[in-house]
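So you can see what is in the structure, the chains are spelled out below.
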Amino acid sequence: MPWIEVPSAHLQIGGMFANGKQNFGKPGLMNIICSAGAAIWFMLPQVWAKRTNIFFCGFNIAWAIRNYILLSRCYGGDCPVKLMGLYLLVFASAIMLLMAFIPDTAIKEDKRQ
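Description of the structure in this document. Note that the structure is a prediction, hence the values are computed from the model and not measured.

### Here's the deal with the nonpolar core
Membership of the largest hydrophobic core is limited to 8 residues, which are Trp3, Ile4, Ile13, Phe24, Ala64, Leu71, Leu86 and Leu89. For this core, the secondary-structure elements that each account for two or more residues are strand S1 (2-6), helix H2 (47-72) and helix H3 (84-101). Sequence-distant contacts of leucine 89, defined by excluding residues within four places in its chain, comprise Trp3, Asn31, Ala64 and Asn67. Counting residues in each nonpolar core, the second largest holds 6 residues, with Ala38, Cys57, Leu97 and Ala100 among its members.

This is the structure we're talking about:
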């Protein structure tokens, strides 16, 4: 799904493809890595895994906001058109962070007292 479109240069830039003279690289690669790591931590039932997952999801939303700022700014008076993929990236990253803050993990109480 494309993230931005530059009408004057006839370019569409997405997470894993950036055609043309701009050197954006693969801006979505770090989001994929963080999302895969977060998926692993979501499946583990330990408390330490849930705490580690907050870091992965926090880094993921920070990278998504970085991509939003970097890709949506104007270069030399040529402003790109933001497409639905860019908004969806930030929204999905925010939902992941919210899910990381409210895990469903039961904490065992110490009954040795």
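### A closer look at the environment of proline 27
You can see proline 27 is positioned in the loop between strand S2 (11-14) and helix H1 (29-43). You can call proline 27 buried: its relative accessible area is 4%. With 28 residues separating them in the primary sequence, proline 27 and phenylalanine 55 have C-alpha atoms 19 Å apart. Residues within four places of proline 27 in sequence aside, it is in contact with Trp3, Gly14, Gly15, Trp63, Arg66, Asn67 and Leu71.

### Focus on the state of the cysteines
Inspection of every chain in the model, using the stated rule, returns 1 disulfide. Each sulfur of the disulfide joining cysteine 74 and cysteine 79 lies 1.8 Å from the other. Between cysteine 74 and cysteine 79, the S-S dihedral sits near 105 degrees, and the bridge is therefore right-handed. Accessibility expressed as a relative area gives 42% for cysteine 74, which makes it partly exposed. Unpaired in terms of disulfides, cysteine 57 finds its nearest cysteine sulfur in cysteine 34, a separation of 8.6 Å. Judged by relative accessible area, which is 0%, cysteine 57 ranks as buried.

### Thoughts on the sheet that holds S1
As summarised here, the arrangement of the 3 strands in space is S2-S1-S3, forming an open sheet in which the pairing is antiparallel. Only two strands of the sheet have a single partner each, and these edge strands are S2 and strand S3 (81-82). Pairing geometry for S1 and S3, over 2 bridges, is antiparallel. Following the sheet pairing, glutamate 5 is matched in S3 by valine 81. Sitting on the sheet, H2 is in contact with S1, S2 and S3, with an inclination near 15 degrees to S1. Here H3 sits on the sheet and contacts S1 and S3; the angle it forms with S1, its principal contact strand, is near 145 degrees.

### Overview of the packing of aromatic side chains
By the definition in use, this model includes 6 aromatic pairs. Where tyrosine 68 meets tyrosine 87, the ring centres are 6.1 Å apart and the plane angle is 50 degrees; that geometry is what we call tilted. Remark: tyrosine 87 occurs in helix H3 and tyrosine 68 occurs in helix H2; sequence separation between them is 19 residues. Within the aromatic cluster, the residues linked to one another by ring pairs are Trp41, Trp48, Phe55, Phe56, Phe59 and Trp63. The aromatic ring of tryptophan 63 is capped on one face by arginine 66, whose charged end is 4.3 Å from the ring centroid.

Thresholds, definitions, all that
- Residues numbered from 1 in each chain as written.
- Predicted model: local features only at pLDDT ≥ 70, side-chain atom pairs only at ≥ 80, totals over all residues.
- Heavy atoms only, no water.
- Core = buried A, V, L, I, M, F, W, Y, C linked by side-chain atoms within 4.5 Å.
- Buried < 20%, exposed > 50% of the residue type's maximum accessible area, 1.4 Å probe, protein only.
- Helix = DSSP H or I, 4+ residues; strand = E, 2+ residues; numbered from the N terminus.
- Contact = heavy atoms within 4.5 Å.
- Disulfide = S-S within 2.5 Å.
- Pairing = 2+ DSSP bridges.
- Axes fitted to C-alpha atoms, helices over the stretch in contact; angles between N-to-C directions.
- Phe/Tyr/Trp six-rings, centres within 6.5 Å; stacked < 30°, edge-to-face > 60°.
- Lys NZ or Arg CZ within 6 Å of the ring centre and 35° of its normal.

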